[in-house]
Every structure is written in structure tokens, then in C-alpha cells.
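Okay, here's what each chain looks like letter by letter:
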Amino acid sequence: MEHIDEKSRNNIFLVDDTANPAPLGLCAFGMTTILLSLHNAGITAIGSPILSMALFYGGIAQVIAGILEWKKNNTFGMVTFGSFGFFWISFAFILLLPKIGLTGAPTNPELAAFLGVWGLFAFGLFVCSFRMHRVLQVTLFFVVVLVALLVAGELTGISMLGTLGGGAGLIAGLLALYIGMGQVINEVYGKKIFPV
């Protein structure tokens with residue numbers, strides 16, 4: 001094996017040719033948000049499909065995407081997918097823990113506080129998105145609107161706010177799914193078919 005001198009050793013760059021993890025995170029966020037938003041809009045009940053999706057696809061898959069974004073040196077992707085992954089896991093446990101008797105059901109102010117801190121987080125991501133693609137910016141705008149409506153609904157007891165939040169969530173989820181699938185389709189076809 002050839003000896004590498006100190007100067008050459010310090011100039012070695014690792015080439016990262018691993019797959020783009022963003023579509024996994026975007027599709028996981030989008031599809032899970034769509035399912036929960038169908039419930040918030042009053043179309044479906046909250047049951048095992050939503051909880052399972054929140055734990056495994058919205059939760060674990062997004063955490064994995066966040067870890068892979070760290071490998072890609074993408075702080076925004078790491079923080080976004082990692083955080084939203086743990087949001088979905090936390091959300092599932094908020095629903096599961098009372099059912100197995102480990103805690104009481106959360107009160108409306110408690111849910112509003114939980115959602116409120118996530119709204120602040122989403123707003124921070126929205127501010128970051130001004131330096132990114134417009135579709136991502138619109139997606140995060142609807143995430144902020146979604147959370148604001150849900151918080152207001154929890155605090156006021158006005159069910160229409162939750163229904164409107166469900167509508168905003170459907171838009172945010174569909175846009176995230178569009179971005180994720182658009183990136184995959186563009187990569188598979190080797191050209192920009194979808195503007196993402």
C-alpha cells in the first residue's frame with residue numbers, strides 16, 4: 001500500500017454518493033399529515049391506521065431521514081425530519097398512554113401548549129424556507145396555519161377551527177407528498193418533470 005504523506009492525507013475528501021433522504025422524510029410527513037388531517041376535518045375517526053402511521057412512517061421513517069440528512073451535512077433537513085419524526089411519535093403516545101392507563105387524558109390547554117411549541121418550531125422552519133424552493137415555503141406556511149388553527153380550536157372549543165385546521169393540513173400534506181414524489185420522479189427520469 002502506498003504511503004500517503006501528511007499534506008495529501010489532509011486533502012482527502014470523502015465523496016458522498018448515497019441516496020437523497022429528503023423524499024423519504026417528505027413523503028412520511030405528507031402522508032401522515034394527510035391521514036391526521038382527514039380526522040381533523042371530521043372525515044375519519046382517529047384509530048389504529050393514524051396511530052400506526054404516526055409511530056412508524058411519520059415517526060421512525062422521518063427520524064431515519066433526519067439522521068441521513070446529517071450524513072449529507074444538511075442541518076435544515078436533519079432538524080426538520082428528526083424533529084417532526086419525534087413529533088409524530090410523541091403525538092401517538094399522547095393518545096396511547098391514557099388508553100393503557102399510564103396517565104390521564106390531556107386537557108385542552110395541555111394540547112394547545114404541546115401544539116403551540118410545535119407551531120413556534122414550524123414558524124422557524126418557515127422563516128428558513130425564504131432561502132429555499134417556493135413550494136417548500138408554501139408547504140411550511142400551511143403547516144404554521146394548521147397548527148395555529150388547532151391551537152385556537154383547543155383553547156376556544158370552537159370545532160370549526162379544528163375542521164379548518166384539517167383543511168390546512170390536507171394542503172400541507174399534499175404539498176409535502178408532491179415535493180417528495182417529485183424529487184423521486186425527477187431523479188428516476190433524469191430530468192426536471194416536476195418543479196421541486
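The structure we're discussing is the one just above.
Residues numbered from 1 in each chain as written. Predicted model: local features only at pLDDT ≥ 70, side-chain atom pairs only at ≥ 80, totals over all residues. Heavy atoms only, no water.

Peer 1: Kindly report on the overall build of the protein chain, identifying the contributing residues and their values.
Peer 2: In terms of regular secondary structure, the protein chain is built from 7 helices and 0 strands. Going residue by residue from the N terminus, the α and β elements of the protein chain occur as α-α-α-α-α-α-α. Burial statistics for the protein chain: of 196 residues in total, 39% are counted as buried. In the protein chain, the proportion of contacts linking residues at least 24 apart, taken out of those at least 6 apart, comes to 64%. Of the roughly 11300 Å² that the protein chain leaves accessible, carbon and sulfur atoms contribute 70%. Of note, the protein chain has its 9 positive side-chain charges centred 9 Å away from the centre of its 9 negative side-chain charges. (Helix = DSSP H or I, 4+ residues; strand = E, 2+ residues; numbered from the N terminus. Buried < 20%, exposed > 50% of the residue type's maximum accessible area, 1.4 Å probe, protein only. Contact = heavy atoms within 4.5 Å. Areas by Shrake-Rupley, 256 points an atom, 1.4 Å probe, with all protein chains shown as cover. Lys, Arg positive; Asp, Glu negative; His and termini not counted. Charge placed at Lys NZ, Arg CZ, Asp CG, Glu CD.)

Peer 1: Explain the nonpolar core residue by residue, including any values.
Peer 2: Note on soluble globular proteins: their nonpolar side chains tend to be buried together. Grouped together as the largest cluster of nonpolar side chains are 40 residues, with contacts concentrated most on F84, F87 and W88. Mapped by element, the contributors of at least two residues to this core are α2 (22-40), α3 (48-71), α4 (75-99), α5 (108-128), α6 (134-156) and α7 (159-189). Element by element, the count of residues in this core is highest for α6, at 10 residues. Non-local contacts of W88, meaning those with residues more than four positions away in its chain, are made with F29, T32, T33, L36, A54, G58, G59 and Q62. (Core = buried A, V, L, I, M, F, W, Y, C linked by side-chain atoms within 4.5 Å.)

Peer 1: Would you mind going over unusual backbone geometry in detail, with residue names and values included?
Peer 2: Despite not being glycine, N73 shows a phi value in the positive range, around 65°. With respect to the helices and strands, N73 occurs in the loop between α3 and α4. Overall, N73 belongs to the exposed group, its relative accessible area being 69%.

Peer 1: Which residues make up the packing of aromatic side chains, and what values go with them?
Peer 2: Within this structure, the stated rule accounts for 15 aromatic pairs. Taking 4.9 Å as the distance between ring centres and 50° as the angle between the ring planes, the aromatic pair formed by F29 and F84 counts as tilted. One end of the pair, F29, is in helix α2; the other, F84, is in helix α4, with 55 residues separating them in the sequence. In terms of burial, F29 and F84 fall into one category: buried. Ring geometry for W88 against F91: centres 5.9 Å apart, planes inclined by 90°, an arrangement best described as edge-to-face. Of this pair, W88 and F91 both sit in helix α4, 3 residues apart, which is roughly one turn of the helix. The pair W88 / F91 is uniform in exposure class, with both members buried. One aromatic cluster in this structure is built from F29, F84, F87, W88, F91, F114, W118 and F121. (Phe/Tyr/Trp six-rings, centres within 6.5 Å; stacked < 30°, edge-to-face > 60°.)

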